[in-house]
Structure formats: structure tokens, C-alpha cells
Amino acid sequence: MSIWGVTCAGEENWVDSRTVYIGHKVPPPGTEAYIPQRYPDNRIVSSKYTFWNFIPKNLFEQFRRIANFYFLIIFSCSAIKQGYEDWLRHKADNAINQCPVHVVQHGKVVRKQSRKLQVGDVVLVKEDETFPCDLILLSSSRDDGTCFVTTASLDGESSHKTYYAVQDTKAFNTEEEVDTIQATIECEQPQPDLYKFVGRINIYLDRDEPIARPLGSENLLLRGATLKNTEYIYAVAIYTGMETKMALNYQSKSQKRSAVEKSMNAYLIVYLCILISKALINTVFKYVWQADPNRDEPWYNQKTENERQRHILIRAFTDFLAFMVLFNYIIPVSMYVTVEMQKFLGSYFISWDDEMFDEELGEGALVNTSDLNEELGQVEYVFTDKTGTLTENNMEFIECCVDGHVYVPHAICNGQIMSGASSIDMIDSSPSAEGKEHEELFFRALCLCHTVQVKEEETVDGIKRGIHQGKATSFYISSSPDEVALVEGMKRLGFTYLRLKDNHMEILNREDEIERFELLEVLNFDSVRRRMSVIVRSNSGELYLFCKGADSSIFPRVISGKVDQVRARVEHNAVEGLRTLCVAYKRLSREEYEQVCHLLSSAKLALQDRDKKLAEAYDVIERDFILLGATAVEDRLQDKAADTIESLHKAGMKVWVLTGDKMETAAATCYASKLFRRNTQILELTTKRTEEQSLHDVLFDLSRTVLRQHGSMTRDTFSGLSSDFQDYGLIIDGATLSAVMKPAQEGSGTGGNYKEIFLEICRNCSAVLCCRMAPLQKAQIVKLIKASKEHPITLAIGDGANDVSMILEAHVGIGIMGKEGRQAARNSDYAIPKFKHLKKMLLVHGHYYYIRISELVQYFFYKNVCFIFPQFLYQFFCGFSQQPLYDTAYLTLYNISFTSLPILLYSLIEQHINMDILKRDPSLYRDIAKNSLLQWPIFVYWTFLGVFDAVVFFFGAFFLFDNTTFTSNGQLMATNTQMMFGNWTFGTLVFTVLVFTVTLKLALDTHYWTWINHFVIWGSLLFYVIFSLLWGGIIWPFLNYQRMYYVFMQMLASGPAWLSIILLIMVSLLPDVVKKVLCRALWPTTTERIQTKRQCPYHRAVHHLYALSDLQQYQFLN
């Protein structure tokens, strides 16, 4: 059968024809061509989705809704931002991977891309170039086989470090010679420790047996470091790509979450429970109300047969989900978007702060993460490093003491008073002949026992560094500023270190004679031994071992010398806050030297436990010393460091100093910086005391002491400024801390309580000094306080690589852009140029950030309760039919447009108190401590305020329509407002009162008015009115039906409606205004008292009168 020319209704075009073969029989041959056709089977499909297209098609349907499309835009922006950032990383990776490097192949230097480097390639690196991978140094342009390197990009140390070539290959200085090297390297597998490397090189010269030489960290050039002051080097690639130490240290920092964010999540759970409760209540009441058959199936809404047969539980669950969708706007999803914008944009105020810009560095504060801005206003504990943080890390040689004789540069030299020394007391008379020998040995020891490099050029990195003006001369560079200060101090006392040439150290003595010492061995400094040594041979062939180090590591190894006199001077200088070192020596016979060489060689060649074997060898070698004397170097306190610490104390913060220095030096710095006051009672928890008593007894004695005055009450209960309160300061050292932190032994009854007792003592101390701390111990202290039962907010601040662990551990980490490099600044959440900038960072920026975001969070929950609770009440008047009270456009734009900008602007620029007052009166910081503005009572108040306002909106509008009559054309009219009464009119009236009330509530909370505030607040209200007029005043062609047509205009045409709107707004705002007035009058906070004074005209006049005197103004305000 053929069907031709069949048309479909409404179409003018012919439909394609089809040919149907009855019974599927093929026509006889020759009649017509057989064209098989495919037709669909007989199944009916009314569903929209299949298994395969559900996700893409449903997403398309969801995002056709404007509200959902808004969130798609937000998520897309986040994804685009992350994608763009990753694209930039790809771009940076490609730039590094494709940069050219020089490789020696077949006796020639060829260029290849960095990514094509392989382990075993010999690389040529020139001055100021960066090492492309981890390399073992084979030779350099310098005759002694050394090269100088800066590792600022790795460990933050900006000073020059010396690295050494393998002794048997350092003479190979051309590509042809390097290509002839036959050697193999055995070393450990890649590991991230920048300072550790263990290996061995086997060099095949003209013999069958290879020569084995040890390789250590002094031979390893790390990727990312830069070659300095050396023309070129040859080195072999040992670790490449992602196996380099730099790549292994690419660790993402753990995500820190602020207290405000945790409060937001807790509040969100509460509101989720409220949402479920609302949906559940409405579902239950719906079926209670529909128990009457007439209500269940009214004539205008009779059910289909399918609906009647559906199980009641399924119907109830469907209704429950429908109510969940209806009320879901109570969850302030847009709050998270606003909070992210507030944090990101608000972080620029720190970067733009001119008062936190340092002219010397030419840099200001940096924000590495904006997620913790408000946490700056919640800090309870501040953990600070000492050297370079509280002090300048700018060492100046003050004096040295040799056998009890004190030498001050340009003042007392060889016991004689020099010019410019009239104010300095003589300590001793001139030394004897033996003392003269010791004096010169002491000066020579300090000129030889160091790792200082001499720079001959006038400039380095574009900075003039000559010692004498007008001519190019030498100057000293070292990884330790202490060493430079000591060598320069010796120069001022007559002994000048000239250079290291051909493995010989040259000294210019007082008689202008050059002395040469062959450098045989260097026993490098480490933080465990706390000393370093050198073995040298003089021109006369005498062998000396010179050692310098901390007094605690030198005195126990001394067998002779004037120990008591030197110890007394060391203790005197430590109390004065000076950094002290002791110097000792011993002569070595040839046999002793050979034993030393054997010990060191066997330890250095070990591939397993090399560090342990070296430490054992050093312990054997460095003993039986003759004490020569001690040095004193001053590290000056940073500008306004004492004022900053005093302000932090007044703000209620506990300040702890964590340092590796000795106790006396650190304690003197604490007194100078006002961490300890003169009336502070110092409690000691040190090794010295635990040697006399058991740790258990010492802890319980200290506990009884601090709790004697006020029982179990902690110091947090008091303001910290009362003169009646005894001020305690605790000093603890690293060894005792290790004992306190040690886990309890099984069967021990008291060991497990040490941490709690220690914490109880610390809580009652205004300041704590932890000395002789290792970097890991600093992090352990921070972690201990974080995990205590109060869970206080902690802040750690430091400037060196040894501070990174505590910076990462603390809730907020702040790095100082100091002289120890930028590793601390790079790993921190915030970076500041100087310690003094911490005061404004916390007391001003932190205070403002917390005030702003806490209002933002509470306000968002409040305005969403005001928004959705009338919808909940409306269900009781519409038969629980899930009928929305508001138009779709209002539902969508309420959080996006009508109420979003005012709160965003408030959270960016609000200043409830002038910043000068915040700086002058640190006690204001206490008003916001412990997350006080986001506590549960305040949250409950805001929620109930929202419920009250919603009830006023709904029932206020409802009673306006209480009396209604039918007009002649059948419309329902409210007789008391002369408005057409209907669902959308009612909803629009409620929504209008809602938008005006929540916006004016924010205006009442605003203290800092600018033209931007006025523009945004009144502009938002105007935008709502204009939008409503356009939305209901124009017939939009893209809408299938227009239920809001002429509703808003008709409402505004009613005079009583205007009066009702104004009245309802005033009634809604009244309780909050009354509450504020009563609280300010009866129970004002410090902040509210100052705000009241600022609003007084007389006070403003006096404020200007005393503007020139900060002290007088502070006294007036208080």
C-alpha cells in the first residue's frame, strides 16, 4: 500500500512518502524496485530521559532556571579561575623545561633543552645561571675547586654558601678534560631533606682499583640555586625532574579553616534542620487537613485514578520533597559566594596599607591566603622567634675576652685604652707573656675558624659593598651574620683575614705580615653539636685544632685555661642580651692528626648512617681543649618591638618567645622587649633545675606557686593590667620540654599528666620563654597549645627557614621579610616587613575583618529567615498546597540583586571605630575575643529577630486584607485599602516590606558612612522599585503567562498601602533599636562607650583639641 500526498494539520509542505509491504512480502520480480525500509517498533515512550542522556539533559533543564544558572556562573567562574591558574603553571613549567642548558658530549659543549637532561650528563653552568637539576660538583673556574652559591629560592638563605669539588676531579677545567673522566657515583635514593646527602664517587685513573672519595651535602648543587662569584663549573646530573630535592619539597600546605568558617558550617546545619522540620510539619498538617474528603478532593481539583491508587507513603514523601524545594531558600547558599568575594577583595586593604610599607626593603605586606583574614581578629597566643624577628639580625662585634682580659674594638686593645674609649671601664691590666701568646692564638682562631668568603669586587648584585670608600676593596660574605661580625671585629683589633687560596688561609697580622695556614679539615657547625672546628697547619709545621661554639658545648670539653674568669664574662654578657661564643684550641701531634684523618675518612665514606658516624668522630676529636676566651656580639632589638609586645599584652594575647639561643641572652631580650617586666616573677623549668629535683617535683612546685593566689582560676579571667595580680613569666629549655612531651610509660602513674600540668602553669603566666629550641620543638609547642581544652587561636611569626614548621602549624602563620631569606615569608599566610607591623595587622585589620564578616554571616541568616518564614506561614492559609507566596523573579533576585550589594559593601568598608583609637587602645581587641560575635546566644537572637520580623510582615499584610468585598465585575477588593485582593498582591506587599526592612536594618548597623554606602543602600531599594514597575508594567513576549502584570502599580496606587508599608517597617525595626539602646545604656562594652563618646559634640571638640597629643587623647577616652 502506498500513501501519497498526506499532509499534517498546520503544515504546508508534503510529508515524505512510505511504502509498506503487507506481510513483509517482497513484490514479484520486475514490478518495482525493492527498497527495504526501517520503521520504529511499537513501544510507547513518554519519559524524557534515558540512562545515557539523563545527566546532560537534566543539567540543561536545571540551568534553564535563572536561579540555578546563577550558581552555574559562580561555579564556572571558580573553575575558570582554577583552570587559568593551572594554565599559568603549565606555561611556567614549559618555560623552565625548554630553557637551554649546556651539556658536555664527546669533548664538546652542546645546547639542549632542560627537559632532555638525563642522570649522568655532565653540565656546564656559568655565573648567575640557575642549576637545572641536582648536580655533583666536579670542577670550577677557581683554583681551589670551590664555588659560591645562593640558595634563597630553596631555603630562604640569601647569603653565599661555599661548595666543594671532588678533590681528584677539580683540576679538569676544560670540556675535553672533563670528557675523559671515568667514574661512578653511588648515592642514596632521592629524599626531600635539603641539607642531607650521602654518596661516594669511585674514580678510575690509570689503575685497576678505583679511588673512592666521599660525597656529602657540600658537594651537591641543588636545582633552583644560583651560581655566584664563580665564572663557571662542571658538574654531573645526579637527580633530575621530579626526583630533585626542590621538586620533592613541593608539598601543598594543609588547608587552614577559620573559626568563623566553622561557625558558619554549624549554623548551616541548624538551618538545615529547620528546613527539614518545616517541610515535615507542613507535610503532616497537609494530611491532617485533607482528612476531610471534601478538602482532599474539592470539585475544582479532583484527583486522577492514578493519584488515588498511589500509596499514601509515596504521596507523603513526594509532598515532603516539594516542601523542601519550596523552603530551600532559607539555606543561604549565596552567603558562601559573598564571603569568598569579601575575603578576596578585603585582603587588598592589607597590601595597600602605606603604614605597613618598609622603605628600606621597598616592600609592603603580602597576603598569601585570604581565607584567614578574620582569624587575625581572634588571636589568643602569639609565638615569635627572637633572632631576626624581635631583633634586627644585624650583628655587631662588641667585645672579646681572652683569659679574663677584655678587648673592645677601637677602645681597649691589648689592655690599653684607645681613643674614643673614655666611657669604658678597664677590666684588667695588660696580659703577661703567656697571655700575649694566648691573645694572638685567640685572634688567629677567629680568623681561621669560619666559613667566611672574601669578595674582591666592588659590587655584588649591583650593590656597592666596599669596606673603604673611594676604592674597590674586599668585604666578607657568609651564611652566618655572626661569623662576618667576628671576622670584622678581628680586623678592627689588628688581625685581618685576607682570603682562602690554594687551600691556604691568609692572615694579615698587626705587624702587617702575611701568615699562611694550610686548611686541612673543616668540622662544620651543626645545631646538635652547636660548635665548629678547623684543623690547620702553620708555616712552621705545627698542627692546630681551633674550635668555637656555644658555652654549653665548649666548657665541658675544656681541660685547662681560665675557665672561671671567662665563664663570668660570658654570663655577664648574656645578661646584657649579647650573643656569646667560646673559643678553644689544642695542638695535634702528627700521630694524632693521622688518627683524626682516619676517623673522618672512614665516617665520610660510609653510605649508611654517615651522619651518626661523623657525629661520633667529631665527639672523639673535639675534646681536651685549652680555653682561649669568648666573644660577644650584639643583635639589636627591632624598632618598636617592645611597644608591639606591650600592645599585644594589653589586647589579651599571650606572647611566647621560641628561640634556639641560650637562656640568659634570650631572657635579656625578653626584658628589653617588655615581654618580662621588672616585677615579673620568673619561674624556671630548665635542665639545671631538673638535675637538682625530679621533673615531677619541679612541675608540681611551679603549679602550686601559680595557683596559690587565685586557686584554679586562670589568668584569662583577669585583664592582665591589675596591679593586684602577680605577674608570672616561665622559662623552659628544649631538653626539659622533650621530657615534658615524652609519652607516659606503661605502668607509670604520673607521667601522662606532665603535659596537662605544664599547660596549667603556662595558662597562668603572662609570658613564656622557650630557649634552646629545635625547629621541630617549636612546632610541637604550637601544636600542644592548639590541642589544649580551650582550643585557642594561635599565631606564629618568624623570619627564617627554622621557623617554617611552627608557621605552618599555627592557625595563622606570619613571615617576616628578614635577612635570613624568604622561606618563612613564602610559607606563611601573611608576610610583613617588620615585627612592629604585627600591631596594626592584628589590632586594626584583624579587628575590622572579624567585625565585618561576623555581621555578614549573621545578617545573611537573618534576612533568609525573614524571607522564607512568611512562606511557611502562608501554607496554613492555602491548604498546604505548596503555593509560593512570592513571584519567581522575586525568589530568584532576592539574594542575587536586591539585598546582596549593601552587605558586601558593608563587609568591605565598615569601620565601627576609628583605626587610630584601635591602635591606641588595644583593650578593644578583647571585645571580639573568643569568637564573641558568633556565639550561639547572638545567633539565636538574630534568628528570633528574623522570625519576629517575618511574623510582622505576614500578619500585618494579612490584616490589611481582613475585610474584602466583591466588585460588580466579580473581583475581590479589600475595602480598607481599595486594592484588588489576590495572592500576588498579598505576596508583593509582604516582599516589599521585607526588602525595605532588611536593607534599613543594615543601614542602622552601619557606623561608617561614605557616598558609596548611600549609593549602594538607597540604590538597591530604588532598583527593586524600578524592577517591580518594569516587571509588572510591561507585557514580556518571552513569558507564557504574566501573573504579576500591573500588580505592583495597583498596590502603589493605594494610599493606605503606603501607610501600611511604612508602619510595618517601623514595627519590624523597633525591637532591635530598643535592644541596642538598652544595652548601650545599661551594659555597654568598651567599644560602645567609645562610640557614644565619639557621637558627643563636646567630645569631638576635645578630640580635635588634643589631636596633637596621642597620650592625652588616650587618657581622655579612658
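Structural data are supplied above this passage.
Notes on the structure follow. Along each chain, residue indices are assigned from 1 in the same order as the chain's sequence is written. Only residues with pLDDT of 70 or above have their local features reported here, since the model is predicted, and side-chain atom pairs are shown and tallied only from 80 upward, although totals for entire chains, interfaces and linings are computed over all residues. Side-chain calculation: all heavy atoms of the structure are included, whereas hydrogens and water are not.

This paragraph deals with helix H32 (residues 983-1005). Helical segments are the DSSP runs of H or I of at least four residues, strand segments are the runs of E of at least two, and each set is numbered from the N terminus. Each helix should span, by expectation, one fewer than its residue count multiplied by 1.5 Å. End to end, H32 covers 33 Å across 23 residues, agreeing with the expected 33 Å (1.5 Å per residue, within 8%). Of all 23 residues making up H32, 19 are buried, and the element is well covered by its neighbours. A 1.4 Å probe rolled over the protein chains alone gives each residue an accessible area, and that area as a share of the maximum for its type sets the label: buried under 20%, exposed over 50%, partly exposed in between.

A few words on the side chain of Glu-399. Take Glu-399: it is sitting in strand S17 (residues 391-402). A residue is classified by how much of its surface remains accessible, and Glu-399, at 8% relative accessible area, is buried. Of the polar contacts made by the side chain of Glu-399, one reaches the side chain of Asn-573; its length is 3.0 Å. Filtering out sequence-adjacent residues up to four positions away, Glu-399 remains in contact with Val-406, Tyr-407, Val-408, Arg-569, Asn-573, Thr-631 and Ala-632. Polar contacts, as used here, are pairs of N or O atoms within 3.5 Å; protein pairs need one atom able to donate a hydrogen and one able to accept it. Residues neighboring in sequence count only if both atoms are side-chain atoms. Contacts between residues were defined by any pair of non-hydrogen atoms, one from each residue, lying within 4.5 Å.

Next up on the list: the sheet that holds strand S11 (residues 211-215). Read across the open sheet, the three strands follow the order S9-S10-S11; overall the sheet is antiparallel. The strands lining the two open edges of the sheet, one partner per strand, are strand S9 (183-187) and S11. Put simply, the sheet's adjacent strands are angled 20° from each other on average, direction ignored. For two strands to pair, DSSP has to find at least two bridges joining them. Across five bridges, the pairing between strand S10 (residues 199-203) and S11 is antiparallel. Looking at the pairing, Ile-203 lines up with Ile-211 of S11. Think of each axis as a best-fit line through the C-alpha atoms, taken over the contacting stretch in the case of a helix, with angles from 0 to 180 degrees between the N-to-C directions.

A few words now on the nonpolar core. Nine residue types can take part in a nonpolar core, namely buried Ala, Val, Leu, Ile, Met, Phe, Trp, Tyr and Cys, and a core is a set of them joined through side-chain atoms within 4.5 Å. Judged by nonpolar contacts, the single largest core of 78 residues is most densely connected at Met-335, Val-857, Phe-867, Tyr-886, Tyr-890, Phe-991 and Leu-994. The leading source of residues in this core is helix H27 (residues 837-874), at 17 residues. Those residues in contact with Phe-867, other than ones at most four positions away along the chain, are Tyr-329, Tyr-886, Tyr-890, Leu-891, Tyr-894, Phe-991 and Leu-994. Counting 38 residues, the second largest nonpolar core, distinct from the first, contains Ala-365, Leu-648, Met-653 and Tyr-849.

Take a nonpolar patch on the surface next. Only residues whose relative accessible area exceeds 30% and that form no salt bridge are eligible for patches; like-charged ones are grouped when within 9 Å, while nonpolar side chains (Val, Leu, Ile, Met, Phe, Trp, Tyr) are grouped when within 5 Å. To measure how exposed things are, a 1.4 Å probe is used in the Shrake-Rupley method; for residues, cover is taken only from the protein chains shown. Just to be clear on terms, a salt bridge is a Lys or Arg side-chain nitrogen sitting within 4 Å of an Asp or Glu carboxyl oxygen. A cluster of nonpolar side chains, Met-341, Phe-344, Leu-345, Tyr-348, Phe-349 and Trp-352, forms an exposed patch at the surface whose accessible area comes to about 580 Å². Among the elements of the structure, helix H10 (333-346) and helix H11 (348-351) are those that each provide at least two residues to the nonpolar patch. Looking at the nonpolar patch element by element, the count peaks at three residues for H10. Structurally, Trp-352 is set in the loop between H11 and strand S15 (366-367). Since its relative accessible area comes to 58%, Trp-352 is described here as exposed.

Okay, unusual backbone geometry next. One non-glycine residue, Phe-880, lies in positive phi territory at about 55°. Counting through the fold element by element, Phe-880 comes out in the loop between H27 and helix H28 (888-898). Judged by relative accessible area, which is 5%, Phe-880 ranks as buried. Look at Asn-931: it is not a glycine, yet its phi comes out positive at around 55°. Assessed through its relative accessible area of 10%, Asn-931 is described here as buried.

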